[in-house]
Amino acid sequence: MKQFSLNLFSFNVMLPFKIHSPETEVTLPLWEKKHIKVTLKRDDLIHPFISGNKWRKLKYNLQEALQLQKNHIVTFGGAWSNHLLATACAGATFRLKTTAFVRGDEQVNNPVLTMCQLFGMHLIYVDRDSYRDKEKLYSDYFGQDPTAFYVHEGGYGLLGAKGCAELVDELQQDYQHIFTACGTGTTLAGIANAIDKKIFSPRYTGYPYSKTAALSMMKLLNSTPSCRTYFTSGLSFWRIC
């Protein structure tokens, strides 16, 4: 156990986690008629539980925690949060303690939270009003815990965006346009940051669930986005230059 800890907490820690995320072409008669080629980046194949963009957003958060010699990951999410499940599984995989504040004061029983607990995650249910002030919750419960490491809801933040930026370098083809859905905006921010470093870069479009999500994404950009950056939400459509 001591030998494992020394290796895991080395300064240049690299988590041993290989991913498989191929690009798969999708065809429809109309697209073929108009000579449109559409490809899916299959991040859903990365892992059964640490899947989609969840690993990308957790990767550098976990590495930062390990470099700081913190082995208790504390995060936030709703009762059906894929982020909580991914964090719980990552904790079990890398031998890290995990705790989650779950939005909603009733102890919900569902397959997602059951799996989180099977992976060893401790769940703390809080009412919606208290949940809004996540920093206070973290401070009240774990402010005196030197092993605790704060991870934003959904993996939001610069470290999450850094992980998502790696998606662009993995692409095996050149694309004219990249589309992605947005929750916290972290994935789109990472893609935008990576694309803006390229000389010849595609246009990228995000689909946030609200304008608030789009504005959250803007905080993670390395620079002011170019006119290639588009956002859509419901019936609205706007461009940020």
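As the structure is a prediction and not an experimental result, all values here were calculated from the model. (Residues numbered from 1 in each chain as written. Predicted model: local features only at pLDDT ≥ 70, side-chain atom pairs only at ≥ 80, totals over all residues. Heavy atoms only, no water.)

A. The arrangement of the packing of aromatic side chains in detail. For the structure shown, the criterion picks out ten aromatic pairs. When the centroid spacing of 6.0 Å and the interplanar angle of 35° are considered together, the rings of W55 and F94 count as tilted. Residue W55 is found in helix α3 (residues 54-67), and its partner F94 is found in the loop between α4 (82-93) and β4 (97-103); the two are separated by 39 residues along the sequence. Summarising the aromatic geometry, the rings of F101 and Y141 are spaced 5.1 Å apart at their centres and angled 75° between planes, so their arrangement reads as edge-to-face. (Phe/Tyr/Trp six-rings, centres within 6.5 Å; stacked < 30°, edge-to-face > 60°. Helix = DSSP H or I, 4+ residues; strand = E, 2+ residues; numbered from the N terminus.)

B. Highlighting the pairing of β4. Burial analysis of β4 places five of its seven residues in the buried class, which makes it a mostly covered element. A crossover links strand β3 (residues 72-77) with its parallel partner β4, the connecting element being α4, and its sense is right-handed. As judged from the five bridges shared by β4 and strand β5 (residues 122-126), these two strands associate in the parallel manner. Of the residues in β5, the one forming a bridge with R103 is V126. (Buried < 20%, exposed > 50% of the residue type's maximum accessible area, 1.4 Å probe, protein only. Right-handed = clockwise from strand over helix to strand, strands pointing away. Pairing = 2+ DSSP bridges.)

C. Seen up close, the side chain of K57. Relative to the elements of secondary structure, K57 occurs in helix α3. Nearest to the buried, unbridged K57 among oppositely charged side chains is D43, at 10 Å. Ignoring anything within four residues of it in the chain, the contact list for K57 reads G154, G155, G160, C164, T184, T186 and T187. (Lys, Arg positive; Asp, Glu negative; His and termini not counted. Salt bridge = Lys/Arg side-chain N within 4 Å of Asp/Glu carboxyl O. Contact = heavy atoms within 4.5 Å.)

D. Expanded view of helix α5 (residues 111-118). Taken residue by residue, α5 has V112, L113 and C116 as its buried positions. Buried residues of α5, viewed axially, fall in a sector of 90°; they line one side. Exposed and facing more than 90 degrees away from the buried side of α5 are P111 and L118. Packing partners of the buried residues in α5 comprise α4, β4 and β5. At the N-terminal boundary of α5, the capping side chain belongs to N110, with an oxygen 3.0 Å from the backbone nitrogen of V112. G120 lies just past α5 and shows a positive phi near 95°. (Arc of directions from axis to C-beta. Polar contact = N/O pair within 3.5 Å; in protein donor to acceptor, adjacent residues only side chain to side chain.)

E. Layout of the sheet that holds β3. Taken in spatial order, the four strands make up an open sheet running β5-β4-β3-β6, and their pairing is parallel. Strands at the two margins of the open sheet, each flanked by one partner only, are β5 and β6 (148-150). Within this sheet the neighbouring strands show an average axis-to-axis angle of 25°, counted without direction. The sheet contacts of α4 involve β3 and β4, and relative to β3 the element is tilted by about 165°. (Axes fitted to C-alpha atoms, helices over the stretch in contact; angles between N-to-C directions.)

F. Quick look at the environment of L85. Inspection of the secondary structure puts L85 in helix α4. By relative accessible area, which is 11% here, L85 ends up buried. With 36 residues separating them along the chain, L85 and M121 place their C-alpha atoms 8.8 Å apart. Residues contacting L85, with those up to four places away along its chain left out, are F49, V112, M115, C116 and F119.

G. Looking closely at the packing of helix α8 (residues 158-170) against helix α9 (residues 186-195). Running from N to C, α8 and α9 cross one another at 55°; their axes reach a closest spacing of 7 Å. Here α8 is positioned oblique relative to α9, judged by the angle of their axes. Two packed elements cross with a definite hand, and for α8 against α9 that hand is right-handed. Residue-level inspection shows G160, A161, C164, A165 and V168 of α8 in contact with α9, the latter providing T186, T187, A189, G190, I191, A194 and I195. Class assignment of the residues belonging to the contact of α8 with α9 gives a composition of eight nonpolar, four polar and no charged. (Parallel < 35°, antiparallel > 145°, perpendicular 65-115°, else oblique. Left-handed = near helix turned anticlockwise from the far one by under 90°. Nonpolar A, V, L, I, M, F, W, Y, C, P; charged D, E, K, R; others polar.)

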